[in-house]
Amino acid sequence: MSDRPATESPNPRSAALDTMSALEIVTLMNEEDASVPVAITPALPAIAAFVEATAQRLRAGGRLFYAGAGTSGRLAVIDAVECVPTFSVSPELVTPIMAGGEPAITRSVEGAEDDTEQARRDVAAAGVGAADALAGVAASGSTPYVIAAIEEAHRRGAVTAGIANNADTTVARVADHGITAVTGPEVLTGSTRLKAGTAQKLILNMISTAAMVRLGKVYGNRMVDVSVSNTKLRGRAEGIVADLVGCDHEAAAALLDAADEEVKTAVLMGLAGLEVDAARARLEAAGGYLRTALDG
């Protein structure tokens with residue numbers, strides 16, 4: 001009986017992978033990938049609990065940190081970076097801590113995932129404290145760097161989560177919120193950039209998106225805090241204003257211009273008939289929640 005974790009065990013369905021046609025390979029991969037959302041389902045209550053704890057801290061001025069190594073760390077970097085244009089937050093609000101530092105984002109840094117002392121130094125250097133939240137991500141659930149990062153964040157008073165893809169792991173046990181999605185053996189044995197990585201990407205999407213919704217960064221299902229930083233996003237912002245206000249794109253563009261491209265402000269101006277300063281003041285009084293500002 002093998003004592004290898006499921007993520008490192010051979011998948012019997014792909015035992016003859018090297019004899020398969022391209023269509024057979026991608027069909028099998030697609031079928032295996034379909035099991036990932038099912039694997040996440042039991043973890044939803046733990047994910048939601050961490051989201052609520054995170055939103056509470058962000059609302060009070062804290063930050064969200066991700067800690068990871070290798071594929072897990074790179075996925076965390078992607079999620080953190082995308083929060084900036086999607087929700088108009090500062091790059092520091094959601095901060096990745098990567099084993100091996102920035103060089104490890106684009107190339108492998110051997111041994112970085114085993115350096116527990118560096119993990120503690122990285123958490124300290126990032127300024128993680130009692131006002132913050134930190135989620136450590138490790139497919140195996142046993143990555144020393146990630147375990148040490150979670151432990152150091154916990155020691156500093158932060159609320160923590162441990163995201164893993166095997167059952168009964170240290171990463172999940174040492175965290176305040178253990179988030180486990182058992183994705184099983186990979187089509188390519190041990191290549192956790194596949195199903196395990198997909199599960200991690202979905203879970204990180206859930207954490208950041210749900211936390212931002214809870215912070216009032218969304219109205220209905222619209223990105224009302226989207227950063228208008230390029231032509232595509234300007235068009236998206238005009239579409240959001242037009243849809244929510246019930247006006248044409250020309251009027252939406254005028255509202256956006258008057259609001260200095262602040263979507264929430266433009267929507268409130270259009271729906272409540274307010275000038276820009278009054279709309280901003282009402283939003284500030286509502287804590288940035290557009291729905292509350294409209295009800296007021």
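Up top you'll find the structure we're talking about.
Notes on the structure follow. Just so you know, these numbers come straight off a predicted model, no measurement behind them.

Cut-offs and rules
- Residue positions are counted from 1 within each chain, in the order its sequence is given.
- Residue-level local features of this predicted model are given only where pLDDT is at least 70; pairs of side-chain atoms are given and counted only at 80 or more, and the full residue set underlies all totals for whole chains, interfaces and linings.
- Here the side-chain values reflect all heavy atoms present in the structure, with hydrogen atoms and water set aside.
- Strands are runs of DSSP state E lasting at least 2 residues, helices are runs of H or I lasting at least 4, and numbering of each runs from the N terminus.
- Here's how the labels work: a residue is buried when its accessible area is under 20% of the maximum for its type, exposed when over 50%, partly exposed in between, all with a 1.4 Å probe on protein chains only.
- Every residue pair with non-hydrogen atoms within 4.5 Å of one another is taken to be in contact.
- In these tables, accessible area is a Shrake-Rupley quantity obtained with a 1.4 Å probe, and a residue counts as shielded only by the protein chains included in the view.
- Under the counting rule used here, the positive set is Lys and Arg, the negative set is Asp and Glu, and His together with the chain ends is not counted.
- Lys charges are placed at NZ, Arg charges at CZ, Asp charges at CG and Glu charges at CD.
- Take the buried residues of types Ala, Val, Leu, Ile, Met, Phe, Trp, Tyr and Cys, join any two whose side-chain atoms come within 4.5 Å, and each joined set is a nonpolar core.
- Only the stretch in contact is used when a helix axis is fitted, and all axes are lines through C-alpha atoms; the angle between N-to-C directions ranges over 0 to 180 degrees.
- Throughout, the term roughly parallel applies to angles under 35 degrees, roughly antiparallel to angles over 145, roughly perpendicular to angles from 65 to 115, and oblique to all others.
- Note on convention: the crossing is left-handed when the near helix lies turned anticlockwise from the far helix by less than a right angle, right-handed when the turn is clockwise.
- Note on residue categories: nonpolar means Ala, Val, Leu, Ile, Met, Phe, Trp, Tyr, Cys or Pro, charged means Asp, Glu, Lys or Arg, and polar means any other residue, Gly included.
- Two N or O atoms count as a polar contact when they lie within 3.5 Å, although within protein this holds only if one can serve as hydrogen donor and the other as acceptor, and sequence-adjacent residues are included solely when both atoms are side-chain atoms.
- Strand pairing is defined by DSSP finding a minimum of two bridges between the two strands.

Considerations on the overall build of the chain
Phase 1: A tally of regular secondary structure across the chain gives 14 helices and five strands.
Phase 2: The 296 residues of the chain split such that 47% are buried.
Phase 3: The long-range fraction of contacts in the chain, counting pairs at least 24 apart against all pairs at least 6 apart in sequence, stands at 62%.
Phase 4: Entry remark: accessible area of the chain is about 13600 Å², with carbon and sulfur atoms responsible for 53%.
Phase 5: Computed over 25 positive and 37 negative side-chain charges, the separation of the two mean positions in the chain equals 3 Å.

A few points about the nonpolar core
A general feature of soluble globular proteins is that nonpolar side chains tend to end up buried together.
Phase 1: F50, Y66, I179 and I207 are the most contacted members of the largest nonpolar core, which totals 35 residues.
Phase 2: Looking at this core, the elements with two or more residues in it are α2 (36-40), α3 (44-59), β1 (64-68), α4 (70-87), β3 (133-138), β4 (159-164) and α9 (195-214).
Phase 3: In contact with F50, not counting residues within four places along its chain, are L64, A133, L134, A135, V159, T160, A161, H177, I179 and I207.
Phase 4: Counting 26 residues, the second-largest nonpolar core is a separate cluster that includes A237, A252, L268 and A279.

A closer look at unusual backbone geometry
Phase 1: Non-glycine residue S88 carries a positive phi angle of around 55 degrees.
Phase 2: For S88, the location among the structural elements is in the loop between α4 and β2 (94-98).
Phase 3: Within the chain, E261 stands out as a residue other than glycine whose phi angle is a positive 65 degrees.
Phase 4: With respect to the helices, strands and loops of the structure, E261 is situated in the loop between α11 (249-258) and α12 (263-272).

Overview of the packing of α11 against α12
Phase 1: One can describe the packing of α11 onto α12 by two numbers: an axis separation of 8 Å at closest approach and a directional angle of 120 degrees. When the interaxial angle is binned, α11 and α12 end up oblique. As for the relative orientation of α11 and α12, their crossing is right-handed in sense. Listed contacts from α12 to L255, L256 and A258 of α11 are V263, A266, M269 and G270.
Phase 2: Of the residues that constitute the contact of α11 with α12, the class distribution is six nonpolar, one polar and no charged.

Side note on the packing of helix α10 (residues 231-245) against α11
Phase 1: Contact geometry of α10 with α11 gives a least axis separation of 8 Å together with a crossing angle of 110 degrees. Compared by their axis directions, α10 and α11 come out roughly perpendicular. Together, R234, A237, E238, G239, V241, A242 and V245 of α10 and H249, A252, A253, L255, L256 and D257 of α11 make up the contact between the two elements.
Phase 2: Here the residues of the contact of α10 with α11 sort into eight nonpolar, two polar and three charged.

Thoughts on the side chain of N11
Phase 1: Residue position: N11 is located in the segment before α1 (22-33).
Phase 2: You can call N11 buried: its relative accessible area is 7%.
Phase 3: Here the side chain of N11 touches R13 through a polar contact of 2.9 Å, landing on its backbone nitrogen.
Phase 4: Not counting chain neighbours up to four residues away, the residues in contact with N11 comprise E32, P185, E186, V187, T189 and K195.

A look at the pairing of strand β5 (residues 177-180)
Phase 1: Burial along β5 is one-sided: H177 and I179 are buried, and none of G178 and T180, which face the opposite way, are.
Phase 2: Of the strand pairs in this sheet, β4 and β5 are connected by four bridges, and their pairing is parallel. The residue of β5 that forms the bridge with I163 is I179.

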